[in-house]
Amino acid sequence: MRRREFISLLGTIAVARPFAAHAQQPASLPTIGFIGSDSPGPYIDRLRAFRLGLKSTGFTEGQNVKVEYRWAEGRNDRLAELTADLVHRQVAVIVAPTTPSVLVAKAATKTIPIVFFTAGDPVDLGLVSSLSRPDSNLTGATTLTLEVAQKWVQLLHEMVPRATSLALLINPTSPNLAEAQSRDLQATARRRGLQLHLLRASADQDFDAAFASIAQLDASGLVISSDSFFFSRSAQLATLAIRHAVPTIFGFREFVQAGGLMAYGGSLTESFRWVGVYTGRIVKGEDLTNLPVQRSTKIELFINLKTAEALGIEVPPALLTRADDVIE
């Protein structure tokens, strides 16, 4: 080959190579925005269930779908900014796994599909007008948390039958959930002849004061409302409950695993699997209005006998026989 022809051939290859390389690049992956009110650590089991749900629809994170995570680290005042960033990026779907995050997401966009998990009633919260047929850009999953919340007072009273007053810990920065649970639990306490004192905490530094006031109020136990911020602080709350010798009930088994006395509530892993399934189906192009809100009906009771012993409590046999899991 002549020198001039050889150089010309090299030039042709050099020009063609970028186009060939560009042609080999995969198309951009569809992007899911995930807006968490808390930090990722406590979400390990929930995220695993979410990814399993995604996978059942043919999507694997990092392979054929991308997930952009935004974590508010327990600061609900940051949710609007973080959600606005996801809306600006025009993600295909927004996953809002807490009541505060879904309310912010709902206000931020009317066009991007939103798949939520909430412990509250989606209809009462104004997220959907009907569980069976969502008529906006929102659908998702919920548990029977509000329905079983009244049982928290009953179960804790069974654990400490001589109690005349209990306390309820709420997060004032999540007013929708706090008001609903306060109203329902106050009514339940009155029916059982109990006084229920309201305690408030929205930051880590509020917990010490809240637990110290339990003794001052002469409350015999503490109910922790099913707020996502409290869930992310399950270990811290369990430690404080033992330190202050306070019998406590919460809605999530992670609290009992961390050393809390009792938990009673719906299955979060079942709900988050549905969040993943719905997210994948929407990414595939399915009409959101054909995806009814899923409500987990699986309710579980967990008791930590080691904690009961540390608190000097003899667990009634009737409670033990009803428990789904007992930590010894």
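The structure displayed is predicted, hence computed values, not measured ones. (Residues numbered from 1 in each chain as written. Predicted model: local features only at pLDDT ≥ 70, side-chain atom pairs only at ≥ 80, totals over all residues. Heavy atoms only, no water.)

Trainee: In this structure, what is going on with the environment of Val 326? I would like to understand it.
Mentor: Looking at the secondary structure, you find Val 326 in strand S13 (residues 325-327). What makes Val 326 partly exposed here is its relative accessible area of 26%. Residues Val 326 and Ile 303, spaced 23 residues apart in sequence, show a C-alpha to C-alpha distance of 5.0 Å. Look past the residues within four positions of Val 326 in its chain and what remains in contact with it is Ile 303, Leu 305 and Leu 320. (Helix = DSSP H or I, 4+ residues; strand = E, 2+ residues; numbered from the N terminus. Buried < 20%, exposed > 50% of the residue type's maximum accessible area, 1.4 Å probe, protein only. Contact = heavy atoms within 4.5 Å.)

Trainee: What is the right way to look at the side chain of Ser 225 in this model?
Mentor: By secondary structure assignment, the location of Ser 225 is in the loop between strand S8 (222-224) and helix H8 (228-232). Among the residues examined, Ser 225 registers a relative accessible area of 2% and is labelled buried. Within polar-contact distance, the side chain of Ser 225 engages the backbone oxygen of Leu 169 at 3.0 Å. Leaving out residues up to four positions away in the same chain, Ser 225 has contacts with Trp 152, Leu 168, Leu 169, Ile 170, Asn 171, Gln 181, Phe 230 and Phe 250. (Polar contact = N/O pair within 3.5 Å; in protein donor to acceptor, adjacent residues only side chain to side chain.)

Trainee: What exactly am I supposed to notice about the pattern of salt bridges here?
Mentor: Considering all chains together, one arrives at 13 salt bridges under this definition. As a salt-bridge pair, Glu 68 and Lys 66 come within 3.2 Å of each other at their nearest N and O atoms. Exposure remark for Glu 68: the relative accessible area of 15% places this residue in the buried category. Classification of Lys 66 as partly exposed rests on a relative accessible area of 40%. Across the pair Asp 85 and Arg 89 runs a salt bridge, and its minimum N-O distance is 3.2 Å. Here the residues in one salt-bridge network are Lys 66, Glu 68, Arg 70, Asp 85 and Arg 89, joined through shared partners. (Salt bridge = Lys/Arg side-chain N within 4 Å of Asp/Glu carboxyl O.)

Trainee: Whenever I open this one, empty space enclosed by the protein confuses me. Can you help?
Mentor: Here the idea is plain: a probe the size of a water molecule rolls over the atoms and shows the empty space left. Tallying each qualifying case throughout the model produces two cavities of 30 Å³ or more. In this model, the largest cavity occupies a volume close to 110 Å³. Thr 98, Ala 119, Ser 226, Asp 227 and Ser 228 are the residues nearest the centre of the largest cavity, which is lined by 15 residues in total. Among the elements of the structure, helix H4 (99-108), strand S4 (114-118) and H8 are those that each provide at least two residues to the lining of the largest cavity. Partitioning the lining of the largest cavity into residue classes produces seven nonpolar, six polar and two charged. (1 Å grid on protein atoms, 1.4 Å probe; cavity = no way out; pocket = protein on both sides within 12 Å on 5 of 7 lines; lining within 4 Å. Points joined across faces, edges and corners; volume = space filled by probe spheres on them. Nonpolar A, V, L, I, M, F, W, Y, C, P; charged D, E, K, R; others polar.)

Trainee: Looking at this structure, how should I read the sheet that holds S4?
Mentor: Two orientations exist for strands paired in a sheet by backbone hydrogen bonds: parallel and antiparallel. Read from one edge of the open sheet, six strands run S2-S1-S3-S4-S5-S11, paired in parallel fashion. Strands with a single pairing partner mark the edges of an open sheet, and in this sheet they are strand S2 (66-71) and strand S11 (294-296). Strand after strand, the sheet turns through a mean of 15° between neighbouring axes, direction not considered. Here strand S5 (residues 138-143) runs beside S11; their pairing, made up of three bridges, is parallel. If you follow Thr 142 over to S11, its bridge partner there is Arg 295. Relative to S4, helix H11 (residues 268-283) is tilted by about 175°, and along the sheet it contacts strand S1 (31-36), strand S3 (93-96), S4, S5 and S11. (Pairing = 2+ DSSP bridges. Axes fitted to C-alpha atoms, helices over the stretch in contact; angles between N-to-C directions.)

Trainee: I tried to follow the nonpolar core on my own but got confused; where do I start?
Mentor: Within soluble globular proteins, side chains that are nonpolar generally end up buried alongside one another. Counting 47 residues, the largest nonpolar core has Leu 169, Leu 222 and Phe 230 as the members making the most contacts within it. With seven residues, the top contributor of residues to this core is H11. For Leu 169, the residues in contact, after removing those within four places along its chain, are Leu 199, Arg 200, Ala 201, Phe 207, Ala 210, Leu 222, Val 223, Ile 224, Ser 225, Phe 230 and Leu 237. In this structure, Val 148, Met 159, Ala 163 and Leu 261 belong to the second largest nonpolar core, which totals 31 residues. (Core = buried A, V, L, I, M, F, W, Y, C linked by side-chain atoms within 4.5 Å.)

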